[in-house]
Protein chains: 2
Amino acid sequence: MSHVDIAAVKQYLLSLQDHICAELEVCDGQARFVEDDWGRGRSRVMTDGALIEKGGVNFSHVQGDTMPASATAHRPELAGRRYQAMGVSLVIHPLNPYLPTSHANVRFFVAEKDGEEPVWWFGGGYDLTPYYGFEEDCRHWHQTAFEACAPFGDEVYPRYKQWCDEYFYLKHRDEARGVGGLFFDDLNEGGFERSFGFMQAVGDSYCKAYVPILQRRREMPWGERERQFQLYRRGRYVEFNLVFDRGTLFGLQSGGRTESILMSLPPLVRWEYNWQPEDNSPEQALYRDFLPPRDWLA
Amino acid sequence: MSHVDIAAVKQYLLSLQDHICAELEVCDGQARFVEDDWGRGRSRVMTDGALIEKGGVNFSHVQGDTMPASATAHRPELAGRRYQAMGVSLVIHPLNPYLPTSHANVRFFVAEKDGEEPVWWFGGGYDLTPYYGFEEDCRHWHQTAFEACAPFGDEVYPRYKQWCDEYFYLKHRDEARGVGGLFFDDLNEGGFERSFGFMQAVGDSYCKAYVPILQRRREMPWGERERQFQLYRRGRYVEFNLVFDRGTLFGLQSGGRTESILMSLPPLVRWEYNWQPEDNSPEQALYRDFLPPRDWLA
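For every chain, the first residue of its written sequence is number 1, and the numbers climb from 1 along that sequence. Chain letters start at A and ligand numbers start at 1, both assigned in the order the entries are written. For this predicted model, a pLDDT threshold of at least 70 governs which residues receive local features, and a threshold of 80 or more governs which side-chain atom pairs are given and counted, while totals over whole chains, interfaces and linings are taken from all residues. Processing note: side-chain calculations cover all non-hydrogen atoms of the structure and skip hydrogens and water entirely.

## Digging into the overall build of chain A
Argument step 1. Within chain A, the secondary structure is distributed over 9 helices and 10 strands.
Argument step 2. By the compact-globule yardstick of 19 Å for 298 residues, chain A fits well, its C-alpha radius of gyration being 19 Å.
Argument step 3. Overall, the C-alpha framework of chain A stretches about 65 × 40 × 35 Å when taken along its three principal axes.
Argument step 4. Exposure classes here rest on a 1.4 Å probe applied to the protein chains alone. A residue is buried below 20% of its type maximum, exposed above 50%, and partly exposed in between. Burial statistics for chain A: of 298 residues in total, 59% are counted as buried.
Argument step 5. Pairs of residues are marked as contacts when any of their non-hydrogen atoms sit within 4.5 Å. Residue pairs at least 24 apart in sequence account for 68% of intrachain contacts in chain A once pairs closer than 6 positions are excluded.
Argument step 6. Only the protein chains shown count as cover for residues, and all accessible areas are computed by the Shrake-Rupley method using a 1.4 Å probe. If you sum the accessible surface of chain A, you get close to 12,400 Å²; carbon and sulfur atoms cover 50% of it. Each helix corresponds to a stretch of at least 4 residues labelled H or I by DSSP, and each strand to a stretch of at least 2 residues labelled E; elements are numbered beginning at the N terminus. We compute the radius of gyration over the C-alpha atoms and compare it with the globule rule, which gives 2.2 Å times the number of residues raised to the power 0.38.

## Concerning the side chain of Arg234 of chain A
Argument step 1. Assignment of secondary structure puts Arg234 of chain A in helix α6 (residues 224–244).
Argument step 2. Polar contacts, as used here, are pairs of N or O atoms within 3.5 Å; protein pairs need one atom able to donate a hydrogen and one able to accept it. Residues neighboring in sequence count only if both atoms are side-chain atoms. Reaching out from Arg234 of chain A, the side chain makes a polar contact with the backbone oxygen of Pro94 of chain A at a distance of 3.1 Å.

## A word on the sheet that holds strand β5 (residues 101–112) of chain B
Residues and elements named next belong to chain B.
Argument step 1. Should DSSP find at least two bridges between two strands, the strands are taken to pair. Strands sit in the order β1-β2-β3-β4-β5-β6-β9 across an open sheet of 7 strands; the sheet is antiparallel. Taken across any chain shown, the strands that pair with only one partner, and hence form the sheet edges, are β1 (34–37) and β9 (180–187). In this sheet, adjacent strand axes meet at a mean angle of 10 degrees when their direction is disregarded.
Argument step 2. Pairing analysis gives 7 bridges linking strand β2 (residues 41–47) to strand β3 (residues 52–64), with the strands arranged antiparallel. What sits directly across from Thr47, in β3, is Lys54.
Argument step 3. Convention adopted: a line fitted to C-alpha atoms gives each axis, helices being fitted over their contacting stretch, and angles between N-to-C directions are expressed from 0 to 180 degrees. Across the sheet, helix α5 (residues 192–217) lies against β4 (82–94), β5, β6 (119–129) and β9, angled at about 15 degrees from β6, the strand it touches most.
Argument step 4. The sheet contacts of helix α6 (residues 224–244) involve β3, β4, β5 and β6, and relative to β4 the element is tilted by about 165 degrees.

## What about the pattern of salt bridges?
Residues and elements named next belong to chain A.
Argument step 1. Within this document, salt bridges are pairs made up of a side-chain nitrogen of Lys or Arg and a carboxyl oxygen of Asp or Glu, the two lying within 4 Å of each other. Under the counting rule described, the total for this entry stands at 56 salt bridges over all chains.
Argument step 2. Close ionic contact of Asp186 with Arg75 constitutes a salt bridge, the shortest N to O distance being 3.9 Å. Here Asp186, found in strand β9 (residues 180–187), pairs with Arg75, found in the loop between α2 (69–72) and β4 (82–94); they are 111 residues apart in sequence, far enough to count as distant.
Argument step 3. Salt-bridge contacts for Arg217 lead to Glu136; the nearest nitrogen and oxygen are separated by 3.4 Å. Here Arg217 is found in helix α5 (residues 192–217), whereas its partner Glu136 is found in helix α3 (residues 135–149), with 81 residues between them in sequence.
Argument step 4. You can call Arg217 buried: its relative accessible area is 9%.

## Some thoughts on the interface of chain A and chain B
Argument step 1. Listed per partner, the contact involves 32 residues of chain A and 32 residues of chain B.
Argument step 2. The quantity reported as buried area is the accessible area (1.4 Å probe) lost by two parts once they are put together, taken as the sum for both. Summed over both sides, the interface between chain A and chain B buries roughly 2,600 Å², with carbon and sulfur atoms accounting for 60% of that surface.
Argument step 3. The three residues of chain A that bury the most area against chain B are Glu259, Trp271 and Tyr273 of chain A, which together make up 30% of that side's buried surface.
Argument step 4. In this structure, the connection of chain A to chain B is made through 2 salt bridges.
Argument step 5. Close ionic contact of Arg173 of chain B with Glu259 of chain A constitutes a salt bridge, the shortest N to O distance being 2.7 Å.
Argument step 6. At the boundary of chain A and chain B, one finds 15 residue pairs in polar contact (both at pLDDT 80 or more).
Argument step 7. At the level of secondary structure, the elements contributing two or more residues to the side of chain A that touches chain B comprise β2 (41–47), α6, α7 (246–253), α8 (258–261) and β10 (268–270) of chain A.
Argument step 8. Ranked by residues supplied to the side of chain A that touches chain B, first place goes to α6 of chain A with 6 residues.
Argument step 9. Bridge analysis of β10 of chain A against strand β10 (residues 268–270) of chain B gives 3 bridges, and the strand direction is antiparallel. Considered in β10 of chain B, the bridge of Leu268 of chain A is made with Arg270 of chain B.

## Digging into the packing of aromatic side chains
The geometry of an aromatic ring pair is captured by two quantities: the separation of the ring centres and the angle between the planes.
Argument step 1. Two rings belonging to Phe, Tyr or Trp (six-membered ring only in the last case) form a pair when the distance between their centres is within 6.5 Å. Interplanar angles under 30 degrees mark stacking, angles over 60 mark edge-to-face geometry, and anything in between is tilted. Under the counting rule described, the total for this entry stands at 70 aromatic pairs over all chains.
Argument step 2. What links up through ring pairs into an aromatic cluster is the set Phe152, Tyr160, Trp163, Tyr167, Phe168, Phe183, Phe184, Phe198, Phe240 and Phe244 of chain A.
Argument step 3. Only lysine NZ and arginine CZ atoms are considered, and such an atom sits over a ring when it is within 6 Å of the ring centre and within 35 degrees of the ring normal. Note that Arg177 of chain A overlies the ring of Tyr237 of chain A, its terminal NZ or CZ placed 4.0 Å from the centroid.
Argument step 4. The ring of Trp296 of chain B has Arg294 of chain B lying over it, and the distance from NZ or CZ to the ring centre is 3.9 Å.

## Side note on the relation of the copies chain A and chain B
Argument step 1. All copies are superposed by least squares; the fitting set is the C-alpha atoms of residues with a pLDDT of at least 70 in both. Least-squares fitting of chain A to chain B yields an RMSD of 0.0 Å, with the transformation described by 0.0 Å of translation along the axis and a rotation of 180 degrees. Those values place the two copies in the arrangement expected of a two-fold rotation axis. Considering only C-alpha atoms, the part of chain A nearest the rotation axis is Val269 of chain A, at 2.6 Å.
Argument step 2. A share of 100% of the interface residues of chain A reappears at the interface of chain B, consistent with the copies meeting face to face through the same patch.

## Some details on the environment of Trp271 of chain B
Argument step 1. Within the element layout of this structure, Trp271 of chain B appears in the loop between β10 and α9 (282–290).
Argument step 2. Not counting residues up to four positions away in its chain, the partners in contact with Trp271 of chain B are Lys54, Val238, Leu265, Pro266, Pro267, Val269 and Trp271 of chain A together with Arg173, Gly235, Val238 and Glu239 of chain B.
Argument step 3. Within the structure, the side chain of Trp271 of chain B is placed 2.9 Å from the side chain of Glu239 of chain B, a separation counted as a polar contact.

## A few points about helix α9 (residues 282–290) of chain A
In an α-helix there are 3.6 residues to a turn, and that puts residues three or four apart on one side.
Argument step 1. Along α9 of chain A, the positions that sit buried rather than exposed are Glu283, Gln284, Ala285, Leu286 and Phe290 of chain A.
Argument step 2. Buried residues belonging to α9 of chain A abut α3 and α6 of chain A.

## Here's the deal with unusual backbone geometry
Argument step 1. With a phi angle near 55 degrees, Asn274 of chain B is a residue other than glycine that sits in the positive phi range.
Argument step 2. Relative to the assigned elements, Asn274 of chain B resides in the loop between β10 and α9.

Shape is all these values report; function is a separate question.
Below, the structure written as structure tokens:
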């Protein structure tokens, strides 16, 4: 088996954060990320950009001498081990409602014990949340995800695409959060090098998936109607993150840094009782044609 | 023991909903509640009032042939019983940031089985969430709560005041949701009549606690600074309701009507990374002088 190189993962994650922030700054052309180093991570936040109303790209690295009880409930073999968890997590909320929100995350977990093999796994993925749907954008997003997965086997993209559809799902709304992408967890198949390689392929492809969509839609004019719908739909993002997202809930419950965890929440959000889209409107098309899980490569 | 009169509770709750809506409409003077009858309840929502930006006053009555497994996990004696749960729940979000948000709830639960005594309890309370603190308002709110409790014993107000402080607490922020009020649950001490009477005393005193505060502050001029702080603080309300509130989570997880459950969410909300109030500002005073639990009757 291959050697578990924790330092290499950390170095990759830090450089991924640098790389993504740099690309998004160039794309935005106006605002810069502001860094906040808080000891167990560095948060980078951009606000009031030309394209990006609020964007957060967070690196975190937490460790402990013993696994928390909650984390070993169904993995008793990890009890008493020291552990490290590290990852990059980001959410970008554009200003123009024709630009979709995107989320990406890559993460690594390792539990160690002297004289024994470390237990480790990778997780991550990315998903897209449009307010107004464009088939071309969804196909590009999923095609990029597909290409990142392809070197790792034909079954990889469909499997993680489906997992993403299942994970980013608002049960109380019977509604997907967006048009999906990739989601994987507990990955250690094929050894460390291969799993780490896959996590890098996902991380490296995020900007290739997202930035061309920002560029393609950035000049589209929008008005109050589109803005109001965007603010309304952002409510679903909040509902998902606070009610369902495991990472958010685990972070809040385990004493993580609240401001870094909730960096993902949109800058401005609205709720309206019992709102329904008009028949045959572009807003209705989002619900009808984009949110129900689809094969975007067909 | 006294007879459990389910019909009387239902009649009280429906008349309470009527009464509160009527009082708030008079107070607002501009907007009306719009009713939505959805079979297992009636939701009433007011939007864009002179005082009330969004207010929801919901009556619901759900029943089932057998208790859900989740509800009998630590009350095995209820397994297999048919049950009814009914209540009035409301949240009022004023437009003027000098007017506090308020929440009230009264509820009744009964589990029945042929040939056996019904198992039942009452719950409820109300709590106040100011954006800008006024000692006079907090004292009035708590004094009204105190007077509602007084006929039921000297220990009642302090006990339920403390329970409220403990319940409406955002652990991840180490911060109270507001200045509290009353919270009680599992109440069946002293028999049905007495418990029902206490629930009525709480329900009936809500408008006496809240309306005078709306009247006292309604003419206070406010601007963009106060509005932005209000929208920011409303984020805490969303965080509490979606992450911690048992009623919200139980409703969403048990297939309740999402739009009625989430009626409590504010109309417009904002999140800002790592925001801090300025020293010696009225915003800082909220955190320093009002949110930490206090004895408001001292």
